[in-house]
2 protein chains.
Amino acid sequence: MQAPFEYVVVEKSDEEIAEDRRIFSGLAVAVRALSEASLRTTIDHDEATVIRHEIEAITDRLRRSQIEGSYGVTMTSDGVVLGYGNAVVGVRNPIAPPLVIKTEPDGRTSAEFELNALYEGPPGCVHGGVVALVLDQVLGESPAAGGTPGMTGTLTLRYGQPTALGKCSAAAWIERREGVKTIVKGWLRNADGEITVEAEGIFILPRWAREELARSGNQPPRFE
Amino acid sequence: MQAPFEYVVVEKSDEEIAEDRRIFSGLAVAVRALSEASLRTTIDHDEATVIRHEIEAITDRLRRSQIEGSYGVTMTSDGVVLGYGNAVVGVRNPIAPPLVIKTEPDGRTSAEFELNALYEGPPGCVHGGVVALVLDQVLGESPAAGGTPGMTGTLTLRYGQPTALGKCSAAAWIERREGVKTIVKGWLRNADGEITVEAEGIFILPRWAREELARSGNQPPRFE
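Please read these numbers as outputs of a predicted model, since none were measured by experiment.

The rules behind these values
- Residues numbered from 1 in each chain as written.
- Chains lettered and ligands numbered in written order.
- Predicted model: local features only at pLDDT ≥ 70, side-chain atom pairs only at ≥ 80, totals over all residues.
- Heavy atoms only, no water.
- Helix = DSSP H or I, 4+ residues; strand = E, 2+ residues; numbered from the N terminus.
- Contact = heavy atoms within 4.5 Å.
- Areas by Shrake-Rupley, 256 points an atom, 1.4 Å probe, with all protein chains shown as cover.
- Lys, Arg positive; Asp, Glu negative; His and termini not counted.
- Charge placed at Lys NZ, Arg CZ, Asp CG, Glu CD.
- pLDDT = per-residue confidence, 0-100.
- Phe/Tyr/Trp six-rings, centres within 6.5 Å; stacked < 30°, edge-to-face > 60°.
- Lys NZ or Arg CZ within 6 Å of the ring centre and 35° of its normal.
- Salt bridge = Lys/Arg side-chain N within 4 Å of Asp/Glu carboxyl O.
- Buried < 20%, exposed > 50% of the residue type's maximum accessible area, 1.4 Å probe, protein only.
- Pairing = 2+ DSSP bridges.
- Axes fitted to C-alpha atoms, helices over the stretch in contact; angles between N-to-C directions.
- Parallel < 35°, antiparallel > 145°, perpendicular 65-115°, else oblique.
- Left-handed = near helix turned anticlockwise from the far one by under 90°.
- Core = buried A, V, L, I, M, F, W, Y, C linked by side-chain atoms within 4.5 Å.
- Least-squares fit on C-alpha atoms with pLDDT ≥ 70 in both.
- Expected span 1.5 Å × (residues − 1).
- Polar contact = N/O pair within 3.5 Å; in protein donor to acceptor, adjacent residues only side chain to side chain.
- 1 Å grid on protein atoms, 1.4 Å probe; cavity = no way out; pocket = protein on both sides within 12 Å on 5 of 7 lines; lining within 4 Å.
- Points joined across faces, edges and corners; volume = space filled by probe spheres on them.
- Nonpolar A, V, L, I, M, F, W, Y, C, P; charged D, E, K, R; others polar.

## Focus: the overall build of chain A
Then, in step 1: Looking only at helices and strands, chain A has four helices and ten strands in total.
Then, in step 2: Taking the principal axes of the C-alpha coordinates as reference, chain A spans close to 60 × 50 × 30 Å.
Then, in step 3: The contacts of chain A with a sequence gap of at least 6 include a subset with a gap of at least 24, amounting to 63%.
Then, in step 4: When the accessible area of chain A is evaluated, it comes to approximately 10,000 Å², of which 49% is carbon and sulfur surface.
Then, in step 5: Measuring between centres, the 23 positive side-chain charges of chain A sit 5 Å from its 32 negative side-chain charges.

## Side note on the confidence of the model for chain A
Then, in step 1: Looking at chain A, the pLDDT average stands at 91 and 91% of residues meet or exceed 70.
Then, in step 2: For this predicted complex, the interface confidence comes out at an ipTM of 0.91, alongside a pTM of 0.92.

## Some remarks on the packing of aromatic side chains
Then, in step 1: Taken as a whole and judged by the stated rule, the model has two aromatic pairs over all chains.
Then, in step 2: Over the ring of W187(A) we find R189(A), and its NZ or CZ is 4.1 Å from the ring centre.

## A look at the pattern of salt bridges
Then, in step 1: One pass over the structure, following the stated rule, counts 22 salt bridges over all chains.
Then, in step 2: Here E19(A) makes a salt bridge to R22(A), at a shortest N to O gap of 2.9 Å. Placement of both E19(A) and R22(A) in helix α1 (residues 14-40) is noted, with a separation of three residues, approximately one turn of the helix.
Then, in step 3: The exposure class assigned to E19(A) is partly exposed, which follows from its relative accessible area of 32%.
Then, in step 4: Among the residues examined, R22(A) registers a relative accessible area of 52% and is labelled exposed.
Then, in step 5: For E47(A), the salt bridge goes to R61(B), with nearest N and O atoms at 3.2 Å. Of this pair, E47(A) sits in helix α2 (residues 45-63) while R61(B) sits in helix α2 (residues 45-63), each in a different chain.
Then, in step 6: Here E47(A) falls in the partly exposed class, since its relative accessible area comes to 23%.

## Quick notes on unusual backbone geometry
Then, in step 1: The omega torsion of the bond from P97(A) to P98(A) falls at -20°, within 30 degrees of zero and hence cis.
Then, in step 2: By secondary structure assignment, the location of P98(A) is in the loop between β3 (80-81) and β4 (102-103).

## Observations regarding the sheet that holds strand β4 (residues 102-103) of chain B
The strands that make up a sheet are held in pairs by hydrogen bonds between backbone atoms, and each pair lies either parallel or antiparallel.
Then, in step 1: Reading across from one edge, β4(A)-β5(A)-β7(A)-β8(A)-β9(A)-β6(A)-β6(B)-β9(B)-β8(B)-β7(B)-β5(B)-β4(B) is the order of the twelve strands in this open sheet, with antiparallel pairing throughout. The sheet is open, and its two edges are formed by β4 of chain A together with β4 of chain B, each paired on a single side.
Then, in step 2: The sheet contact formed by strand β8 (residues 181-189) of chain B and strand β9 (residues 195-204) of chain B spans nine bridges and is antiparallel. By the bridge assignment for β9(B), G186(B) is matched with A199(B).

## So, the packing of helix α3 (residues 128-145) of chain A against helix α3 (residues 128-145) of chain B
A pair of packed helices can be characterised by two numbers: the angle between their axes and the separation between those axes.
Then, in step 1: As a packed pair, α3(A) and α3(B) sit with axes 7 Å apart at the nearest point and diverge in direction by 165°. Looking at the two axes, α3(A) sits roughly antiparallel to α3(B). In this structure, α3(A) meets α3(B) at a crossing whose hand is right-handed. Seen from α3(A), the contacting residues are G128(A), G129(A), V130(A), A132(A), L133(A) and D136(A); seen from α3(B), they are G128(B), G129(B), V130(B), A132(B), L133(B) and D136(B).

## Observations concerning the nonpolar core
Then, in step 1: In this structure, L99(A), F113(A), L135(A), L157(A), F113(B), L135(B) and L157(B) are the most contacted members of the largest nonpolar core, which totals 79 residues.
Then, in step 2: Ignoring sequence-local partners within four residues, the contact set of L99(A) consists of V88(A), V89(A), A111(A), F113(A), V134(A) and V138(A).

## Structural notes on the relation of the copies chain B and chain A
Then, in step 1: Overlaying chain B on chain A yields an RMSD of 0.0 Å, the required transformation being a rotation through 180° with an accompanying axial translation of 0.0 Å. Put plainly, the chains are arranged around a two-fold axis. Minimal C-alpha distance to the rotation axis in chain B is attained by T156(B), lying at 2.1 Å.
Then, in step 2: When the interface residues of chain B are mapped onto chain A, 100% of them again lie at the interface, so the same face is used by both copies.

## Topic: α3(A)
Residues and elements named next belong to chain A.
Then, in step 1: For α3, with 18 residues, the first-to-last C-alpha span of 26 Å sits near the 26 Å given by 1.5 Å per residue.
Then, in step 2: A large share of α3 lies buried, amounting to 14 of its 18 residues.
Then, in step 3: Where α3 ends, the next residue or the one after it, G147, has phi of about 95°, a positive value.

## Comments concerning the interface of chain B and chain A
The extent of an interface is frequently quoted as the accessible surface area lost upon association of the parts.
Then, in step 1: Residue-level contacts link 86 residues of chain B with 86 residues of chain A.
Then, in step 2: Our count for the contact surface shared by chain B and chain A stands at six salt bridges.
Then, in step 3: At the surface where chain B touches chain A, the tally comes to 48 residue pairs in polar contact (both at pLDDT 80 or more).
Then, in step 4: Those elements that provide at least two residues to the side of chain B that touches chain A are α1 (14-40), α2, α3 and β6 (151-159) of chain B.

## Here's the deal with empty space enclosed by the protein
Then, in step 1: Enumeration over the complete set of coordinates arrives at one cavity of 30 Å³ or more.
Then, in step 2: The space that makes up the largest cavity amounts to roughly 70 Å³.
Then, in step 3: As for the largest cavity, its lining consists of A87(A), I95(A), Y119(A), V130(A), L133(A), A87(B), I95(B), Y119(B), V130(B) and L133(B).
Then, in step 4: Counting only elements with at least two residues in the lining of the largest cavity, the list comes to α3 of chain A together with α3 of chain B.
Then, in step 5: When its residues are assigned to classes, the lining of the largest cavity shows ten nonpolar, no polar and no charged.

## Thoughts on the environment of N86(A)
Then, in step 1: By the secondary structure assignment, N86(A) is in the loop between β3 and β4.
Then, in step 2: On the basis of relative accessible area, N86(A) is assigned to the buried category, the value being 12%.
Then, in step 3: Sequence separation between N86(A) and Y71(A) is 15 residues; the distance between their C-alpha atoms is 8.0 Å.
Then, in step 4: In this view, N86(A) contacts N93(A), A96(A), Q137(A), E120(B), G121(B) and H127(B); residues no more than four positions away in its chain are not counted.
Then, in step 5: Within the structure, the side chain of N86(A) is placed 3.3 Å from the side chain of Q137(A), a separation counted as a polar contact.

Printed below as a string of structure tokens:
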């Protein structure tokens, strides 16, 4: 199987990239707050309709100049992949909380974050699928942090109890390795520190990625 | 264990509720487009900053009147739960694609939908966690459709290959029942109709929900 994508290289200096990140992650912060406010608002219908049209006009202005397709295929001329679009950690992605995941060289990962009304499933609780979304990323960064990068092969989640919306934390660690497989375990805790969901993932480096790595002298792309 | 929430009852007529839905789901459509545009835009920094401030001002106007907390705890005086806030199917939730899930009385569920740049994980591909998010909902609606509602106990995902961003479809069905457990299987297909991810879920009605049902004469709340 072939890599399902080709990188698009952006020709910008480090300073330009840093300033881009600052400006557009700030824009994403504003859009996240707007998303949450638009879900919970009870303003009158006339005002809501006026606001809808204002938002549509802003969208048109943003679209006057935009990248082709999605963000993740963007790489700097230095070979740094700009992971700003990632649905969990992407600083430019308004649907991402976004998580800031700490990693250790032994593969341990952890994150503290808040899940608001946008992430709801059962009334007042985090959507079970959002738990899976977050844990896929927290577990998924573990193999790479520990030196054996891989893509999710299987992911199993055991839901012990509902997780109330609000402050949460997650962590993962490498349990063991079996050939090309890295087996990772992790959990999600609620604001009271109780483990509400446990997860296990098997991560495998697909053949196309191993071939790509071999071509680049086993240097995986750096992500930022 | 107690139900982790209490419903908030809104006193509105059916017509008012329908009009609310029309207006505010329209607002969510606009915010979804804005989110995608804000991720992909390459407009200059001055214009992006002006737009950020405009969005913040709109957010302030939306917040002048809003519900307490999250949406899922809202119920009409007729006992209909307004699931508009759900992270996968909520028509008022800007982070939801949102999925429209068809259900059959035998528990079969299916949905066709599009996942754009907001749902990216690996470059050009659907985030593995987004796949889990979507499948948790598609599988999760199966037990209720088949007459044995439950919350996710375990969810297992097997990723066969990356799923390209774009058109996707998902389906689920009840595999078997074991006491209070309903075992559900399902899949995600890419635009070419290939199964990229398979899933299995075990859904269990928690004790607090069984007690709540018994109190209400075994009438589960209706969702809309």
